[in-house]
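Coordinate analysis (summary)
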Amino acid sequence: MKFRLDEDQQQLQATIGKILAADRIQPRVRAVIDGKKAWDEETWQELVEFGLTAIIVPEENDGMGLSLIELAICAEELGRSTAAVPFLGHVLATIAIVEGGSEEQKARLLPGLASGEVLGSIALTEGNDTWAPADWRMAPEGTTISGRKRNVPNGDIAQLVVVGIEGGRLGVVEMAKPGVSCETFECLDLTRPICSIDFDKAEVELLQNGPAAATRVWDAALALLSADAYGGAWKITEMARDYVQVREAFGAKLAEFQAIKHQLANVVVEVEPTRGLYWFAAYTYARMPEKASHAVSLAKAQTTEVYDICARMCTELHGGIGFTWEFDAHVWLKRAMFDTAWGGRPQRLFLRATEFVDW
Amino acid sequence: MDLSYSEENEEFRAKLQEFLKENWPLPESIGDLKQREEEFRRRATEAGYMMRSIPKEYGGSEQPLDFLKGEIIREEIKKHGAPTEVVHIGTGRVVPVLLQHGTPEQKAYWIPPTVRREFMWCQGYSEPNAGSDLASLKTRAELVGDKWIINGQKIWSSGAHKYPFMVALIRTEPEDVAPRHKGISYFLLDLRQPGVEIRPIKQISGEPEFNEVFFTNAEAPIDAVVGGRGNGWNVSRMLLRYERAAFSGINWADHLIQRCVRTAKGTMRNGKPAIEDPAVRADIARLQARAMAMRYSAYRDMSMEAVGEPSGDYMMLQKLYLTEMLLKLDDITRDLLADDLMMMNPGIDTDGLKGNAKWVDASLQSLKIRIAGGSSNIQRNIIGERVLGLPRDGVGVNARSNREASK
């Protein structure tokens, strides 16, 4: 009985942490924020070479055959770094096929996703607040689908998208095929732009075990966003911690004022315990699937709510500079807001968690 | 990561179930209920199910740290309705300190009767002018011949009116020893003597749990000091960490959540049980998320410590996290109680829902634990300074010692 990272997992975290080190990544994030680049292709290539996209893919499909625990550890580091890479959509599309594809579908679709040659994304919700498989209304007509899917992460650069279909089924659509168009918007979180995809009699291939996989995909999203939130929350807390030890007012460092110290202590006391929560969420997903929906719902709701309040408190501690575009605090704040909303708002997920208790 | 109940653990559970079946309930020939409970606990300790962290030579069962087995024991005893291990200051704090800092003679003298609960303990740390600023305490002990002569006053000693032994922090070195905490020693005292006067303090809940304890030329043998003269601060810090690390807080949180669910089931709102109200359900789920965060953070901490990995700062945060959670719990139960909140014993000596009296008391008690064992604001200082590395407060004695440190 143990609840710690083994040596391989520690190694994984250290290695991806080096790739995503702030001094390497922050200038690249800044280029995206300032509109000089649409996304951070350079970092994504490094992550693909490192094997990020192969982690969750079974070995027989050219992957590493690891679990969501390893992927969540990476998500923590991505959240910490705010790297502007299409991780979320890609790994969820991958997980959808791992969980829902027939052997033939997996053999055909997964190697390209594992190697990063094909970029995937995931299209679940149609309206506002319709993330649950039971909410999906898009119905196939023969082998085509029509209608609009919203909040698709990096949908504009994806080549393949996994679509949620009525009855909790899942289908694969190639973005290059006729009848598929993508509409982009001005998004809050510029590191993970979302778009809408319109399907007009677009060709779709249903995943064989879709209904069983749909909940798993949603649950995986919730666990990964929890990890992202934990990583991001600690990083912006460290930024505030460092800032208050440099910035002076009234002839003293801000950190010398107890009000400042207590504000940061209040943040840390909320943030640090969410690590155990996201670990447990990822662990249940990988090893105790019957407990996963409960744990991931609580974890995502709690961890992202904490991230949001943490990002606000830490931005506030920076004073006026914190509210400027030039200063990076808003990158974390906006990721916190994205993490809170994508996949389902906290109140709804807290309520979802109660579907799995005996009260 | 591996939280699965291995085959070994399942065997452990089966053996425990067998033990429980054979040993509880015990026949009335053994004695009254209290005696039967004690006999059960004695047997459970002998079988390795209680007092697991205490060596056998001192009356424990000396089992390797295994929090999953600890969980199994807790679950099965609860399911079986058998008596649980009694958590008290003696085994929770005094024994761990003695195991780490005591001499062989001290261990042999104090630990076995404490384990058997023949020696029950209260705590004498705070003084009227030394609460959060504990290092300013003034109660003194002078060594006269081979005896300590003690004068001064302690306060907030829970249970001193019924427990004969006190673990106390007392100044043994001259006033001008700097820093201040270097002059303090850790004492084990017998309060049953003429030089000790105990006055109960009535709490806001109406109970006389706290006491003032006055020492007027009270005596203690020379070996009443644990861990060496002037080393009491370090010894007690270990104690405080132990107190904060206690798993009992997490189990207690889980227990309160379950009780909150029962209350919500029994409380009617708009003609329906309140538990059917989505807002109530989500609120309770919020508490569950926090309890889950605590449990798995503690598992992580202990798993890492067990293999010698630095586990970070979670254990330093847990007390504040728990007390903040209790505040949120209080929000929920206050709303469920509605008018019953205005009575001390609703459902018992007045109208109202049976069980609500417990919540009124719990609501008051949750404030006590925000103050006791390092108040929430002291916790925030500790977190700011030790977790985040922020500077110490710059007022009062700290200003002086900060100035000296910077010289």
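Residues numbered from 1 in each chain as written. Chains lettered and ligands numbered in written order. Predicted model: local features only at pLDDT ≥ 70, side-chain atom pairs only at ≥ 80, totals over all residues. Heavy atoms only, no water.

**As for the overall build of chain A**
Broken down by element type, chain A carries 12 helices and 9 strands. Relative to its length of 359 residues, chain A is compact, with a C-alpha radius of gyration of 20 Å against a globular reference of 21 Å. Each of the three principal axes of chain A carries a C-alpha extent, and together these read 75 × 50 × 40 Å. In chain A, the proportion of contacts linking residues at least 24 apart, taken out of those at least 6 apart, comes to 75%. Split by element, the accessible area of chain A, about 13200 Å² in all, is 52% carbon and sulfur. Seen as two clouds, the 35 positive and the 51 negative side-chain charges of chain A have centres 3 Å apart. (Helix = DSSP H or I, 4+ residues; strand = E, 2+ residues; numbered from the N terminus. Rg over C-alpha atoms; globule rule 2.2 N^0.38 Å. Contact = heavy atoms within 4.5 Å. Areas by Shrake-Rupley, 256 points an atom, 1.4 Å probe, with all protein chains shown as cover. Lys, Arg positive; Asp, Glu negative; His and termini not counted. Charge placed at Lys NZ, Arg CZ, Asp CG, Glu CD.)

**As for the overall build of chain B**
Secondary structure summary: chain B contains 12 helices and 10 strands in total. With respect to the three principal axes, the spread of C-alpha positions in chain B is 70 × 50 × 50 Å. In chain B, buried positions account for 50% of the 407 residues. For chain B, contacts bridging at least 24 residues in sequence account for 66% of all contacts bridging at least 6. Carbon together with sulfur atoms contributes 52% to the accessible area of chain B, which is approximately 19800 Å² in total. Once the 56 positive and 57 negative side-chain charges of chain B are each reduced to a mean point, those two points are 3 Å apart. (Buried < 20%, exposed > 50% of the residue type's maximum accessible area, 1.4 Å probe, protein only.)

**With respect to the domain arrangement of chain B**
All names here are of chain B. Domain assignment breaks chain B into domain 1 (7–86), domain 2 (95–230) and domain 3 (246–373). Contacts between domain 1 and domain 2 engage 9 residues on the former and 8 residues on the latter. Here domain 1 and domain 2 share an interface that buries about 690 Å² over both sides, 68% of which is from carbon and sulfur atoms. Seen at the junction of domain 1 and domain 2, the total is 1 salt bridge. Where glutamate 38 meets arginine 117, a salt bridge forms, and the shortest distance between an N and an O atom there is 2.2 Å. Linking domain 1 with domain 2 are 1 residue pair in polar contact (both at pLDDT 80 or more), by the criterion used here. (Domains from an automatic or database assignment. Buried area = accessible area lost by both parts, 1.4 Å probe. Salt bridge = Lys/Arg side-chain N within 4 Å of Asp/Glu carboxyl O. Polar contact = N/O pair within 3.5 Å; in protein donor to acceptor, adjacent residues only side chain to side chain.)

**Describing the packing of aromatic side chains**
Residue and element names in this part refer to chain B. Enumeration according to the criterion identifies 21 aromatic pairs over all chains in this entry. Pairing tyrosine 109 with phenylalanine 119 gives two aromatic rings, centres 6.3 Å apart and planes at 55 degrees, and the pair type is tilted. On the criterion of sequence distance, the pair formed by tyrosine 109 in helix 5 (residues 104–115) and phenylalanine 119 in the loop between helix 5 and strand 1 (121–124) is long-range, its members being 10 residues apart. According to the relative accessible area criterion, phenylalanine 119 is buried, its value standing at 16%. (Phe/Tyr/Trp six-rings, centres within 6.5 Å; stacked < 30°, edge-to-face > 60°.)

**Regarding helix 11 (residues 376–387) of chain B**
Residues and elements named next belong to chain B. Between its first and last C-alpha atoms helix 11 spans 15 Å; for 12 residues at 1.5 Å apiece the expected length is 16 Å, and the two agree. Regarding helix 11, the residues found buried are Ser376, Gln379, Arg380, Asn381, Ile382, Ile383, Gly384 and Val387. Glycine 389, located one to two residues past helix 11, shows a positive phi value of around 70 degrees. (Expected span 1.5 Å × (residues − 1).)

**With respect to the sheet that holds strand 1 (residues 120–123) of chain A**
All names here are of chain A. Reading across from one edge, 1-3-4-7 is the order of the 4 strands in this open sheet, with mixed pairing throughout. Both edges of this open sheet fall to strand 1 and strand 7 (205–206), since each of them pairs with a single strand only. Where helix 5 (residues 87–100) meets the sheet, it contacts strand 1, strand 3 (160–165) and strand 4 (169–174), and its direction lies at approximately 80 degrees from that of strand 1. (Pairing = 2+ DSSP bridges. Axes fitted to C-alpha atoms, helices over the stretch in contact; angles between N-to-C directions.)

**Some words on the interface of chain A and chain B**
Of the residues lining the interface, 46 residues belong to chain A; the matching set on chain B comes to 45 residues. Together, the buried faces of chain A and chain B total about 4600 Å²; carbon and sulfur atoms form 64% of this surface. Linking chain A with chain B are 5 salt bridges. Lys261(A) serves as the salt-bridge partner of Asp393(B), at 3.0 Å between the closest nitrogen and oxygen. The tally of links from chain A across to chain B stands at 22 residue pairs in polar contact (both at pLDDT 80 or more). Only helix 1 (7–19), helix 7 (210–244), helix 8 (258–271), helix 9 (273–287), helix 10 (289–317) and helix 12 (346–353) of chain A provide two or more residues apiece to the side of chain A that touches chain B. At 9 residues, helix 8 of chain A tops the list of elements feeding residues into the side of chain A that touches chain B.

**Regarding the pairing of strand 3 of chain A**
All names here are of chain A. Counting buried positions over the 6 residues of strand 3 gives 6, a clear majority of the element. What you see with strand 3 is no split at all: Leu160, Val162 and Gly164 on one side and Val161, Val163 and Ile165 on the other are buried throughout. In this structure, strand 1 lies alongside strand 3, joined through 4 bridges in parallel fashion. Looking at strand 3, one finds that isoleucine 122 is bridged to valine 162. Sheet analysis places strand 3 next to strand 4, joined by 6 bridges and oriented antiparallel. From the neighbouring strand, valine 161 faces strand 4, where its bridge partner is valine 173. The hairpin turn running from strand 3 into strand 4, its antiparallel successor, is 3 residues long, and glycine 167 in that turn takes a positive phi close to 85 degrees.

**Side note on the domain arrangement of chain A**
Residues and elements named next belong to chain A. Annotation of chain A at the domain level lists domain 1 (7–115), domain 2 (120–211) and domain 3 (212–356). In this structure, domain 1 and domain 2 have C-alpha centres spaced 21 Å apart. Tallying the contact residues gives 24 residues for domain 1 and 18 residues for domain 2. Between domain 1 and domain 2, the buried area comes to about 1700 Å², and carbon and sulfur atoms account for 66% of it. Contact with domain 2 buries area across many residues of domain 1, yet Ala96, Gly100 and Gln105 alone supply 21% of it, more than any other trio. In this assembly, domain 1 and domain 2 are joined by 1 salt bridge.

**Description of empty space enclosed by the protein**
All names here are of chain A. Applying the stated criterion across every chain, the model contains 3 cavities of 30 Å³ or more. Looking at the largest cavity, the residues that line it are Ala75, Leu78, Ala83, Val85, Phe87, Leu88, Arg192, Leu224, Leu225, Asp228 and Arg335. Looking at the lining of the largest cavity, the elements that each hand over two or more residues are helix 4 (68–81), helix 5 and helix 7. When residues in the lining of the largest cavity are grouped by element, the largest group, 3 residues, is from helix 7. In the lining of the largest cavity, the residues fall into 8 nonpolar, no polar and 3 charged. Counting contributing residues, the lining of the largest cavity receives three or more from each of domain 1 (7–115) and domain 3 (212–356). (1 Å grid on protein atoms, 1.4 Å probe; cavity = no way out; pocket = protein on both sides within 12 Å on 5 of 7 lines; lining within 4 Å. Points joined across faces, edges and corners; volume = space filled by probe spheres on them. Nonpolar A, V, L, I, M, F, W, Y, C, P; charged D, E, K, R; others polar.)

**Here's the deal with a nonpolar patch on the surface**
Residue and element names in this part refer to chain B. A cluster of nonpolar side chains, Ile204, Leu367 and Ile371, forms an exposed patch at the surface whose accessible area comes to about 330 Å². With respect to the secondary-structure elements, isoleucine 204 resides in the loop between strand 6 (196–201) and strand 7 (210–221). The exposure class assigned to isoleucine 204 is exposed, which follows from its relative accessible area of 65%. (Patch = residues over 30% accessible without salt bridge, like charges linked within 9 Å, V, L, I, M, F, W, Y side chains within 5 Å.)

**Observations concerning the nonpolar core**
Residue and element names in this part refer to chain A. Ranked by internal contacts, the top residues of the largest apolar core, which has 158 residues, are Leu52, Leu71, Val162 and Trp342. The element best represented in this core is helix 7, accounting for 19 residues. Setting aside residues no more than four positions away along its own chain, valine 162 makes contact with Ala93, Ala96, Ile97, Ser121, Ile122, Ala123, Leu170, Gly171, Val172 and Leu207. (Core = buried A, V, L, I, M, F, W, Y, C linked by side-chain atoms within 4.5 Å.)

**Things to note about the side chain of Ser196(A)**
Positionally, Ser196(A) belongs in strand 6 (residues 194–203). Residues contacting Ser196(A), with those up to four places away along its chain left out, are Arg148(A), Lys149(A), Arg150(A), Ser181(A), Cys182(A), Glu183(A) and Phe185(A).

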